[in-house]
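Descriptive structure summary
Residues per chain are reported as follows:
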There are 2 protein chains.
Amino acid sequence: MPRMTRQRSAVADALAQVDDFRSAQQLHELLRDRGDAIGLATVYRTLQALVDGGEVDVMRTADGESVYRRCARREHHHHLICRSCGTTVEIDGPSVESWAATIGAAHGFRQIEHTMELFGTCAVCAARTDEAPHAPV
Amino acid sequence: MPRMTRQRSAVADALAQVDDFRSAQQLHELLRDRGDAIGLATVYRTLQALVDGGEVDVMRTADGESVYRRCARREHHHHLICRSCGTTVEIDGPSVESWAATIGAAHGFRQIEHTMELFGTCAVCAARTDEAPHAPV
DNA sequence: CCGGTGTTTGACAATCGTTCTCACTTCTCT
DNA sequence: AGAGAAGTGAGAACGATTGTCAAACACCGG
């Protein structure tokens, strides 16, 4: 059975303090900087345990890194992520869920699951870009 | 400018012969077995070039491997993949596209992009499972 | 057909995220 | 306190991918 340890709660704490996706290595560095001595392997192990327990969401970045995030809702949901600053909005899409089930069934597939993420530029970052003068092309 | 070489066309050929997602290493092995001497690095390079040229789709598997597939349609589309045999069906989802755009806009995001894949068990594999007697749980 | 030249190739080393190993520490329970 | 289980961490191991660089090759003009 899982045992609550200093390291375990430190990782949970770190995840509670950031509101966007972070890699295991980033979290490790964050914990070290903050004074929590912890091994990288432990960070990986703990994150994996949190994911298995459904407490944390994982996602693969375009370059194959796993990034983790403590989410408000434990149920299935998706994310809208700013590609510039990383701000993340949790969204649910009932229409997508049913669409997926329908399409799957139409092709004779069972037990449909899906992955889906939205990327964009958030209002803040868009404004920052707009104010840059003479931006060509 | 790109130059047509034996290796280049061998990779394209191999992709034309399979109809599901394959990893670079699988394709390399397939080519070797088939008698085409080719370096692994070249396979990676060629696949990357094909992806950049929009001739091939890439996808990351759950365990972080990149898998490639020659797709019939060059426009944006999604996949419905059998998690058991890998059979892939190309699908497009106008409703999802517009849903994504709407949700993004509602949160003030611009230039929305998205990734999305469907996984399931295809009819053939489902049948194979069903016929297994006494399947518990 | 022949040579020049810029591209491509491939064996191998290097990278990088992640997982494994294993001796050591820390709990928990009695 | 003592035994045994669970957790930890430094470093080794791993596996996919990318970089390196000399040798091989495709394409061009003569």
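Let us look at the structure shown here. (Residues numbered from 1 in each chain as written. Chains lettered and ligands numbered in written order. Predicted model: local features only at pLDDT ≥ 70, side-chain atom pairs only at ≥ 80, totals over all residues. Heavy atoms only, no water.)

**Here's the deal with the interface of chain A and chain B**
Basically, it comes down to this: Any pair of residues with heavy atoms lying within 4.5 Å of one another is described as a contacting pair. Buried area, as used here, totals the accessible surface that two parts lose on assembly, with accessibility defined by a 1.4 Å probe and the loss added over both. For this document, the term salt bridge refers to a Lys or Arg side-chain nitrogen within 4 Å of an Asp or Glu carboxyl oxygen. Here a polar contact means two N or O atoms within 3.5 Å. Within protein one must be a hydrogen donor candidate and the other an acceptor candidate, and residues neighboring in sequence count only if both atoms are side-chain atoms. By definition, any uninterrupted DSSP run of H or I lasting at least four residues is a helix, any uninterrupted run of E lasting at least two residues is a strand, and each is numbered from the N terminus.
Counting residues at the interface gives 38 residues for chain A and 38 residues for chain B. For the pair chain A and chain B, the summed buried area comes to about 3000 Å², and 63% of that belongs to carbon and sulfur atoms. For the interface between chain A and chain B, the tally reads two salt bridges. The salt bridge partner of E113 of chain B is R83 of chain A, with a shortest N-O separation of 3.6 Å. Between chain A and chain B we count twelve residue pairs in polar contact (both at pLDDT 80 or more) in total. Elements that contribute at least two residues to the side of chain A that touches chain B include exactly β4 (78-82), β5 (88-91), α4 (94-106), β6 (110-121) and α5 (123-130) of chain A.

**Quick notes on the protein's contact with DNA strand D**
Basically, it comes down to this: Think of it this way: one heavy atom of a residue within 4 Å of a molecule or strand is enough to make that residue near it. Nonpolar residues are Ala, Val, Leu, Ile, Met, Phe, Trp, Tyr, Cys and Pro. Charged residues are Asp, Glu, Lys and Arg, and all others, Gly as well, are polar.
Around DNA strand D lies a shell of 21 residues, among which T5, R8, T42 and R45 of chain A together with Y44 of chain B are the nearest. When atoms of DNA strand D within 4 Å of the protein are sorted by moiety, sugar and phosphate together comprise 73%. One of the backbone nitrogen or oxygen atoms of R3 of chain A is found 3.0 Å away from a phosphate oxygen of DNA strand D. Contacts to DNA strand D include S66 of chain B, whose backbone N or O atom sits 2.8 Å from a phosphate oxygen. Looking at the surface near DNA strand D residue by residue, the class counts come to eight nonpolar, six polar and seven charged.

**Overview of the protein's contact with DNA strand C**
The full set close to DNA strand C counts 22 residues, and Y44 of chain A together with R3, T5, T42 and R45 of chain B are the nearest of them. Backbone atoms, meaning sugar and phosphate, form 67% of the atoms of DNA strand C found within 4 Å of the protein. Interatomic distance of 3.0 Å between a side-chain N/O atom of Q7 of chain B and a sugar or linking oxygen of DNA strand C. A distance of 2.8 Å separates a phosphate oxygen of DNA strand C from a polar side-chain atom of R8 of chain B. Listed by contribution, the elements that provide at least two residues to the surface near DNA strand C are α3 (40-52) of chain A together with α1 (6-17) and α3 (40-52) of chain B. Looking at which element gives the most residues to the surface near DNA strand C, the answer is α3 of chain A, with four residues. Each residue belonging to the surface near DNA strand C can be placed in one class, and the counts come to eight nonpolar, six polar and eight charged.

**Remarks on the pairing of strand β5 (residues 88-91) of chain B**
Residue and element names in this part refer to chain B. Put simply, the rule is: Remark: exposure states derive from per-residue accessible area (1.4 Å probe, protein chains only) relative to the maximum for the residue type, with buried under 20%, exposed over 50%, and partly exposed in between. What makes two strands pair is DSSP finding at least two bridges between them.
Of the two faces of β5, the one holding T88 and E90 and the one holding V89 and I91 are both buried throughout. Sheet topology places strand β4 (residues 78-82) next to β5; four bridges connect them, and they run antiparallel. The partner of I81 across the bridge, within β5, is T88. What sits between the antiparallel neighbours β4 and β5 is a turn of five residues, in which G86 has the positive phi angle 85°.

**Examining the sheet that holds strand β1 (residues 22-23) of chain B**
An order of β1-β3-β2 (chain B) is seen for the three strands of this open sheet, with the pairing classed as antiparallel. One side of each edge strand has no neighbouring strand; the edge strands of this open sheet are β1 and β2 (56-60) of chain B.

**Some points on the sheet that holds strand β2 (residues 56-60) of chain A**
Residue and element names in this part refer to chain A. Strand order in the open sheet made by the three strands is β1-β3-β2, with antiparallel pairing throughout. Looking at which strands have only one partner, the edges of the open sheet turn out to be β1 (22-23) and β2. Here β1 pairs with strand β3 (residues 66-70) via two bridges, running antiparallel. For S23, the partnering residue across the bridge sits in β3 and is V67.

**A few points about the relation of the copies chain A and chain B**
Quick note on the threshold: Only residues with pLDDT of at least 70 in both copies contribute their C-alpha atoms to the least-squares superposition of the copies.
For the pair chain A and chain B, the best superposition has an RMSD of 0.1 Å and corresponds to a rotation of 180° with a translation of 0.0 Å parallel to the axis. The transformation just described matches what one would write down for a two-fold rotation axis. Measuring from the rotation axis to each C-alpha of chain A, the shortest distance belongs to M116 of chain A, at 2.1 Å. Of the residues that chain A buries at the interface, 100% are likewise interface residues in chain B, meaning the two copies contact each other through the same surface.

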